[in-house]
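Structural features, examined
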Amino acid sequence: MALQDRPALGILELDEGLAPDCPRLAPREGSLLNPATFDREIITEIVEGAFVDVIIQGDPSLEDACLAAAKRLVDRGADVICADCGFLVRHQAAVSAAVNVPVALSSLLLVPTLLRQLAAAQKLAVITADSRHCTEDLIGIEKLEDRSRVVIGGIEDGEYVRNQLVRPSVRVSVDQIEREVASCIRQLRHEHPDIAMLLFECTGFPVVTAAMRRTTGLPIYDVTDLCRMTLASVPVPIRNECRRG
């Protein structure tokens, strides 16, 4: 099957503050923005004003820009919509209501499902870019006994996040991301020996997921797993069909 005959992934992309004529760096192997990650077409639309600090802190004024970008993605042929920052889960309900294709803006949507994969005595660790802003409302857990089984760790004090906050952002090495994520995981596992599974919130982490699975020996989910599952549920598209909500 040709790439164009497979369901296309639409991505709400961050605003990096780049000039329109500024060249973009090639997506890394295994990253959300790399078409080879999904072996299919990827369509992107920048969410105007969606700078990393604005998204992480949860500025509600971003919602209109998210909706506009999502509708442009559908108009361009996207069959599934995700986002290049897990914190955009705050706009999951609004975007889902605005378009009539499946919307999966964040790996955080997986939290309730992953908890049910584990024994009651085991914990799920969420590794995020910034644990200070990965708040209760983003986790999607209502029962107190379930919430106590979710632990959150972040790399907000590291070089990766610091460079993401620069406009335009500055790319750090994969090795640096791996070191920061590994350090966070080690600390969490020291504090919570009953951690049995990891979930990466940050869309920058899939480039180290495979390495972290080998290092930790634990199951790890990230946004690319959610996207693959959602794409697999979508029938072969009819490109001339109007699907905009």
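Residues numbered from 1 in each chain as written. Predicted model: local features only at pLDDT ≥ 70, side-chain atom pairs only at ≥ 80, totals over all residues. Heavy atoms only, no water.

1. Quick word on the sheet that holds strand 6 (residues 195-200)
- Read from one edge of the open sheet, four strands run 5-4-6-7, paired in parallel fashion. What marks the edges here is a single partner per strand, and that holds for strand 5 (150-154) and strand 7 (220-221). (Pairing = 2+ DSSP bridges. Helix = DSSP H or I, 4+ residues; strand = E, 2+ residues; numbered from the N terminus.)

2. Thoughts on the pattern of salt bridges
- All chains considered together, the criterion is met by ten salt bridges.
- Among the ionic pairs, arginine 72 bridges to glutamate 45, the shortest N-O distance being 2.8 Å. One end of the pair, arginine 72, is in helix 3 (residues 63-75); the other, glutamate 45, is in strand 2 (residues 42-46), with 27 residues separating them in the sequence.
- Arginine 72 gets classed as partly exposed once you look at its relative accessible area, which sits at 34%.
- With its nearest N and O atoms 2.9 Å apart, the salt bridge here joins arginine 76 to glutamate 45. Placement of the pair is arginine 76 in the loop between helix 3 and strand 3 (80-83) and glutamate 45 in strand 2, with a sequence separation of 31 residues.
- Given the relative accessible area of 47%, arginine 76 is considered partly exposed.
- Counted as one network, the salt bridges with shared partners bring together Glu45, Arg72 and Arg76. (Salt bridge = Lys/Arg side-chain N within 4 Å of Asp/Glu carboxyl O. Buried < 20%, exposed > 50% of the residue type's maximum accessible area, 1.4 Å probe, protein only.)

3. Side note on helix 11 (residues 223-232)
- Residues Val223, Thr224, Leu226, Cys227, Thr230 and Leu231 constitute the buried set of helix 11. Along the axis of helix 11, the buried residues cluster in a sector spanning 155°; they form a single face. Residues of helix 11 that are exposed and point more than 90 degrees away from the buried face comprise Met229 and Ala232.
- The inward-facing, buried residues of helix 11 abut strand 1 (9-13), helix 1 (35-38), strand 3, strand 6 and helix 10 (206-216). (Arc of directions from axis to C-beta. Contact = heavy atoms within 4.5 Å.)

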